[in-house]
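Each chain is listed here by its residues.
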Amino acid sequence: MPTLNLSTNVPVDAVVASDILKDCTRTVSKIIGKPESYVMILINGGVPIAFAGSEEPAAYGEVISIGGLGPSVNARLSSALAEILEAKLSVDSSRFYIKFYDVQRSFFGFNGSTF
């Protein structure tokens with residue numbers, strides 16, 4: 001159920017995308033404390049993004065989870081995900097925003113129902 005949706009203005013090829021998907025899945029699972037089998041990661045590369053009036057490499061992410069989020073976890077996720085984006089896409093951590101959503105079970109659908 002934890003979902004990370006990432007958008008970046010950096011073009012992302014299939015090999016890099018695969019590495020990011022694997023790294024982010026492990027990271028989200030470990031930090032939030034949910035099994036990898038529940039984690040979904042989406043990457044949207046080559047998206048037009050301006051940050052501080054510049055089109056230099058930048059990214060925006062949203063983490064949605066049923067529980068597991070909070071000030072400490074969010075800070076750890078923000079740091080770890082920024083490190084991945086910097087290593088894989090050269091997006092400086094100062095050009096990455098991330099928003100966290102802790103949702104109720106009834107607000108998250110799966111398998112034709114809700115959690």
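Everything here concerns the structure above.
Notes on the structure in this doc start here. Since this is a predicted model, take the numbers as computed values, not measurements. (Residues numbered from 1 in each chain as written. Predicted model: local features only at pLDDT ≥ 70, side-chain atom pairs only at ≥ 80, totals over all residues. Heavy atoms only, no water.)

So, helix α1 (residues 14-32)
Helix length check: α1 (19 residues) gives 26 Å between terminal C-alpha atoms against 27 Å at 1.5 Å per residue, within 8%. Taken together, the buried positions of α1 are A17, I20, D23, C24, T25, T27, V28, S29, I31 and I32. Those residues of α1 that are buried are in contact with β1 (3-8), β2 (40-44), β3 (59-65) and α2 (71-89). Its side-chain oxygen at 3.1 Å from the backbone nitrogen of V15, D13 defines the N-terminal cap of α1. After α1 finishes, the residue G33 shows a positive phi value of roughly 90°. (Helix = DSSP H or I, 4+ residues; strand = E, 2+ residues; numbered from the N terminus. Expected span 1.5 Å × (residues − 1). Buried < 20%, exposed > 50% of the residue type's maximum accessible area, 1.4 Å probe, protein only. Contact = heavy atoms within 4.5 Å. Polar contact = N/O pair within 3.5 Å; in protein donor to acceptor, adjacent residues only side chain to side chain.)

Some thoughts on the pairing of β1
Here β1 lies mainly inside the structure; 5 of its 6 residues are buried. Pairing geometry for β1 and β2, over 5 bridges, is parallel. In the sheet register, L4 faces β2, and the bridge partner there is I41. Remark: the β1/α1/β2 crossover connection has right-handed handedness. Two strands pair when backbone bridges link them, and β1 and β3 are joined in this way by 6 bridges, in the antiparallel orientation. (Pairing = 2+ DSSP bridges. Right-handed = clockwise from strand over helix to strand, strands pointing away.)

Let's talk about the pattern of salt bridges
This structure, assessed with the given rule, holds 2 salt bridges. One salt bridge connects R26 with D23, and the closest N-O pair in it is separated by 2.7 Å. Linking R26 with D23, this pair stays in helix α1, spanning 3 residues, or about one helical turn. Overall, R26 belongs to the partly exposed group, its relative accessible area being 44%. (Salt bridge = Lys/Arg side-chain N within 4 Å of Asp/Glu carboxyl O.)

A short note on the sheet that holds strand β4 (residues 96-102)
Strand order in the open sheet formed by 4 strands is β2-β1-β3-β4, with mixed pairing between adjacent strands. Each edge of the sheet is formed by a strand with only one pairing partner; in this case those strands are β2 and β4. Adjacent strand axes in the sheet meet at a mean angle of 10°, parallel and antiparallel pairs treated alike. Of the strands in this sheet, β1, β3 and β4 touch α2, which is tilted by about 140° from β4. (Axes fitted to C-alpha atoms, helices over the stretch in contact; angles between N-to-C directions.)

Some words on the packing of aromatic side chains
Under the counting rule described, the total for this entry stands at 3 aromatic pairs. Where F108 meets F115, the ring centres are 5.9 Å apart and the plane angle is 65°; that geometry is what we call edge-to-face. By relative accessible area, F115 is classed as partly exposed at 33%. Three or more aromatic residues joined by ring pairs make a cluster, and in this case those are F108, F110 and F115. (Phe/Tyr/Trp six-rings, centres within 6.5 Å; stacked < 30°, edge-to-face > 60°.)

So, the packing of α1 against α2
Their axes nearest at 10 Å, the elements α1 and α2 cross at an angle of 165°. Classed by the angle they form, the pair α1 and α2 counts as roughly antiparallel. With respect to the hand of their crossing, α1 and α2 are arranged in right-handed fashion. For the pair α1 and α2, the contacting residues are V16, D19, I20, D23, C24, T27, V28, I31 and I32 in the first and V73, R76, L77, A80, L81, I84, K88 and L89 in the second. Partitioned by chemical class, the residues of the contact of α1 with α2 number 12 nonpolar, 1 polar and 4 charged. (Parallel < 35°, antiparallel > 145°, perpendicular 65-115°, else oblique. Left-handed = near helix turned anticlockwise from the far one by under 90°. Nonpolar A, V, L, I, M, F, W, Y, C, P; charged D, E, K, R; others polar.)

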